[in-house]
Amino acid sequence: MDGVRERTGLRKVESRASITEADDLDLSRLLQRPRLKLERKRSFDERSLSDHAAAGSLRPVDSYESMLSLGAMRSVLDTPTSSAHNSFEPHPMVAEAWDALRRSIVLFRGHPVGTIAAYDHASEEVLNYDQVFVRDFVPSALAFLMNGEPDIVKNFLLKTLQLQGWEKKIDRFMLGEGVMPASFKVSHDPIRKTDNLTADFGESAIGRVAPVDSGFWWIILLRAYTKSTGDSTLAESPECQRGMRLILALCLSEGFDTFPTLLCADGCSMIDRRMGIYGYPIEIQALFFMALRCALSMLRQDAEGKEFIARIVKRLHALSYHIRSYFWIDFQQLNDIYRYKTEEYSHTAVNKFNVIPDSIPDWIFDFMPARGGYFIGNVSPARMDFRWFALGNCVAILSSLATPEQSVAIMDLLEERWDQLLGEMPLKIAYPALESREWQIVTGCDPKNTRWSYHNGGSWPVLLWLFTAACIKTGRPQIARRAIDLAENRLSKDGWPEYYDGKLGRYIGKQARKFQTWSIAGYLVAKMMLEDPSHLGMISLEEDKAMKPPIKRSASWTI
Ligand code: GLC
């Protein structure tokens, strides 16, 4: 086994006495002792909303029970963790991926601080792929944490925290204090023998949009680090507490909003070009929700912390209600919208946002299975963007923004619409693609985002880790296995591309970088989670029963 570890670059991770002890998501323990109702001390991230509202009043948590009742147990026991192939003979791609991941490490003054976006020697145009992107580093960080190498993650968290403190200007306009960069670059001056840092807060990005997701990923990663190492001193340090508060101050500020969701410009997240996701994109809303819950678990109960905790609790209540009710679509809901009356006024309105049924796109009537559902891309006045976005839906499952029933329905949809949403290379970033006139209007004739390419219906291997995590959480590891098998057929042979093109994702993307780090790290994280599902606890949050969903009928729920 040690020989295998050497070959694959894997280290043995000692189990740590840490906050993970009380982790309700320790699936390996679940495997050993199914159905045992354990008295558990809850870790700090399981404080519920009601706990915060009525400080100190603890109530029992029965999160295993909720998973068990959803049939998760049956599937968890089917997990291929037990297969000899997985445990003892790692796929040759694993060692190759570790080598590639290590090659992408960026040093600053001798210390590893991140991984570059792509290490593509063949590509003439480097563009900004030689930078460390905050969002791209997340799967790298998880891979390192799962492999017992937390230092690079800690360095990254501290380095980006410093960058957050920089003064940021676009033309003459000053950005908010808490904005985290989209990326940073380390350049080496060979004469002076010094390393210099430059950061991009959106002032160099295409479209000049600040990344709203970076700050959320930073908070989510801080929790993953804390959870994995058991070292809460970093999260509790005054610098990290302040960093969190600055991010939160930006997104919890009061304004003209009538919705609890966060209003965003196009291109402010992984989809960083114009793609018609402006408004209230599900990717950002799900990350917002998850970051709020992670922050809630890490903020100290001092005077400043308490103020933010109170604001977070209020926001989470409203946010979960809004998204679970208005972003959710399934067969029943679609039929209801199809029959909506319009021009309703006042509090009795059923069609609150005055969505005109004629605006429902044709494709969705065939696409919607009898079983299954998902959170749509965007909801705002008279506008529902019915497109499927993978990241937002997976994060909704991981953060428990989706109720257990909604999580089941999302997984049902993925299984029912495998060809469209996973195809030959997992996973479609968005479905369906915008074509013809719609592509012209919505993307502004973007030649990189032509139909079934890049962000416009392209397939992104990085999403495999999120999908795998969602599969494990919902008790369907076997479908993650199926997706990983698909990736193993091609990824290495094709040189770890950034994305694939085509309806089924069969073609290496037209402008895809090779040796794209998050494609490599995403694969590794997916593999490690399947092997040891207890890793899931790093990036998953249990349902908080204090956030009661407005129950709606769903074809998936009634079975
Ligand atoms: C592209 C992607 C973005 C990613 C970056 C670096 O701009 O759209 O999501 O972070 O490349 O890989």
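Everything numeric in this text was worked out from a predicted model, so none of it was measured. Think of each chain on its own: its residues are numbered from 1, step by step along the sequence as written. Per-residue local features are limited, in this predicted model, to residues with pLDDT of at least 70; the limit for side-chain atom pairs, both in listing and counting, is 80 or more; totals at the level of whole chains, interfaces and linings are taken over all residues. Note: side-chain values were computed over all heavy atoms of the structure, leaving out hydrogens and water.

Q: Any chance you could explain the packing of aromatic side chains here in plain terms?
A: To describe a pair of aromatic rings, one takes the distance between the centres and the angle between the planes. Any pair of Phe, Tyr and Trp rings, taking the six-membered ring for Trp, is counted once the centres come within 6.5 Å. Such a pair is stacked with planes under 30 degrees apart, edge-to-face with planes over 60 apart, and tilted for the rest. Summed over all chains, the structure comprises 23 aromatic pairs. Their ring planes at 85° and their centres at 5.3 Å tell us that Phe-259 and Phe-353 sit as a pair that is edge-to-face. Within this pair, whereas Phe-259 is found in the loop between α12 (238–251) and α13 (282–298), its partner Phe-353 is found in the loop between α15 (331–338) and α16 (363–367), the two being separated by 94 residues in sequence. Here the two residues Phe-259 and Phe-353 agree in accessibility, since each one is buried. The helix and strand labels rest on DSSP assignments: H or I over at least four residues marks a helix, E over at least two residues marks a strand, and numbering proceeds from the N terminus. For each residue, the accessible area found with a 1.4 Å probe, counting protein chains only, is set against the maximum for its type, and the residue is called buried under 20%, exposed over 50%, and partly exposed in between.

Q: What exactly am I supposed to notice about the site of the ligand here?
A: The rule for a residue being near a molecule or strand is that one of its heavy atoms must lie within 4 Å of it. The local shell around the ligand consists of Ala-117, Tyr-129, Phe-133, Arg-135, Asp-136, Met-270, Asp-272, Tyr-454, His-455, Glu-498, Gln-516 and Trp-518. We call two N or O atoms a polar contact when they sit within 3.5 Å, provided that within protein one can donate a hydrogen and the other can accept it, with sequence-adjacent residues counted only if both atoms are side-chain atoms. Interatomic distance of 2.5 Å between a side-chain N/O atom of Asp-136 and an oxygen atom of the ligand. Here Asp-272 contributes a side-chain N or O atom positioned 2.7 Å from an oxygen atom of the ligand. Relative to its free-state accessible area of 310 Å², the ligand is covered by the protein chains to the extent of 96%. Just so you know the grouping, Ala, Val, Leu, Ile, Met, Phe, Trp, Tyr, Cys and Pro go in nonpolar, Asp, Glu, Lys and Arg go in charged, and all remaining residues, Gly too, go in polar. Residues of the shell around the ligand, tallied by class, amount to six nonpolar, two polar and four charged. Accessible areas in this description were obtained via Shrake-Rupley with a 1.4 Å probe; residue shielding takes into account the shown protein chains only.

Q: Any chance you could explain the pattern of salt bridges here in plain terms?
A: A side chain with one charge may pair with a side chain of the opposite charge, provided their charged atoms come close. Salt-bridge detection follows one rule: a side-chain nitrogen of Lys or Arg within 4 Å of a carboxyl oxygen of Asp or Glu. Summed over the entire model, instances satisfying the criterion amount to 18 salt bridges. Between Arg-371 and Glu-416 there is a salt bridge whose closest N-O contact spans 3.9 Å. With Arg-371 in the loop between α16 and β9 (373–375) and Glu-416 in helix α18 (residues 404–416), this pair connects stretches of sequence that are 45 residues apart. Given the relative accessible area of 33%, Arg-371 is considered partly exposed. Arg-476 is paired through a salt bridge with Asp-412; the nearest N and O atoms lie 2.8 Å apart. Here the residue Arg-476 occupies a position in the loop between α21 (463–473) and α22 (477–490), and Asp-412 occupies one in helix α18, the gap between them amounting to 64 residues. Take Asp-412: its relative accessible area is 3%, and that puts it in the buried class. Residues participating in the shared-partner salt-bridge network are Arg-371, Asp-412, Glu-415, Glu-416 and Arg-476.

Q: When you look at the pairing of strand β7 (residues 194–200) in this model, what are you seeing that I'm missing?
A: Both faces of the sheet carry side chains from a regular strand, because those side chains alternate between them. Strands were regarded as paired on the criterion that DSSP finds at least two bridges between them. Pairing of strand β6 (residues 183–189) with β7, which is carried by seven bridges, proceeds in the antiparallel orientation. In the strand pairing of β7, Lys-185 is matched with Thr-198. In this antiparallel pair of consecutive strands, β6 and β7, the connection spans four residues, and Lys-193 shows a positive phi of 55°.

Q: Got a minute to help me understand the packing of α13 against helix α14 (residues 303–327) in this structure?
A: Two quantities define a packed helix pair, namely the angle between the axes and the distance from one axis to the other. An axis is simply a line fitted to the C-alpha atoms; with a helix, the fit covers only the stretch in contact. Between two such axes, the angle follows the N-to-C directions and lies from 0 to 180 degrees. Their axes nearest at 10 Å, the elements α13 and α14 cross at an angle of 145°. α14 is crossed by α13, and the crossing has left-handed handedness. Here Ile-282, Gln-285, Phe-288, Phe-289, Leu-292, Arg-293, Ala-295 and Leu-296 of α13 lie close against α14, whose contacting residues are Ile-309, Ile-312, Val-313, Arg-315, Leu-316, Leu-319, Ser-320, Ile-323 and Phe-327. Handedness of each helix crossing follows the sense of rotation of the near helix against the far helix: counterclockwise by less than a right angle gives left-handed, clockwise gives right-handed. The contact rule is simple, with two residues in contact once any of their heavy atoms fall within 4.5 Å.

Q: How should the pairing of strand β1 (residues 105–108) be read in this particular structure?
A: Covered by surrounding structure in β1 are Val-106 and Phe-108 only, the residues Ile-105 and Leu-107 on the alternate face being uncovered. Here β1 folds back onto strand β2 (residues 111–115), and the loop between the two strands holds two residues, one of which, Arg-109, carries a positive phi near 50°.

Q: Please explain the nonpolar core as it appears in this structure.
A: Of all hydrophobic cores here, the largest spans 171 residues; its most connected members are Trp-218, Ile-219, Tyr-374, Leu-463, Trp-465 and Phe-467. When near neighbours in sequence (up to four residues on either side) are disregarded, Leu-463 contacts Met-270, Ala-390, Leu-391, Leu-427, Lys-428 and Ile-429. Here, nonpolar core refers to any group of buried Ala, Val, Leu, Ile, Met, Phe, Trp, Tyr and Cys residues whose side-chain atoms link them within 4.5 Å.

Q: Would you mind going over the sheet that holds β7 with me for this structure?
A: Either a parallel or an antiparallel arrangement is found when strands of a sheet pair, and the pairing is made through backbone hydrogen bonds. The antiparallel open sheet is built from three strands, whose spatial order is β3-β6-β7. Strand pairing shows two members of the sheet lacking a second neighbour, β3 (132–133) and β7, which therefore form its edges. Helix α9 (residues 151–164) rests against β3, β6 and β7 of the sheet, and its axis sits at about 95° to β6.

Q: How should the environment of Tyr-431 be read in this particular structure?
A: Relative to the helices and strands, Tyr-431 resides in strand β13 (residues 430–431). Separated by 42 residues in sequence, Tyr-431 and Phe-389 place their C-alpha atoms 6.7 Å apart.

Q: How should the packing of α12 against α14 be read in this particular structure?
A: Remark: α12 packs on α14, axes separated minimally by 11 Å, with the N-to-C direction vectors making an angle of 40°. Compared by their axis directions, α12 and α14 come out oblique. Judged by the twist between their axes, the crossing of α12 over α14 is left-handed. On α14, the residues that touch Arg-245, Leu-248, Ala-249 and Cys-251 of α12 are Glu-304, Phe-308, Ile-312 and Arg-315. In the contact of α12 with α14, the residues fall into five nonpolar, no polar and three charged. Roughly parallel covers angles under 35 degrees, roughly antiparallel covers those over 145, roughly perpendicular covers 65 to 115, and oblique covers all other angles.

Q: Explain the state of the cysteines here, please?
A: In what follows, a disulfide is any cysteine sulfur pair within 2.5 Å. Tallied over the entire structure, the rule returns zero disulfides. Not part of a disulfide, Cys-394 finds its nearest cysteine sulfur in Cys-471, a span of 7.7 Å. We classify Cys-394 as buried; its relative accessible area is 3%.

Q: How should the confidence of the model for the chain be read in this particular structure?
A: Interpretation of this model should avoid reading the predicted coordinates in detail wherever pLDDT is low. pLDDT is defined as a per-residue confidence score from the predictor, taking values between 0 and 100. For the chain, per-residue confidence averages 86 on the pLDDT scale, and residues scoring 70 or more make up 82% of the total. Every residue in residues 54–87 scores below 50 in pLDDT, and together they form 66 contacts with partners more than four places removed in sequence or on other chains.

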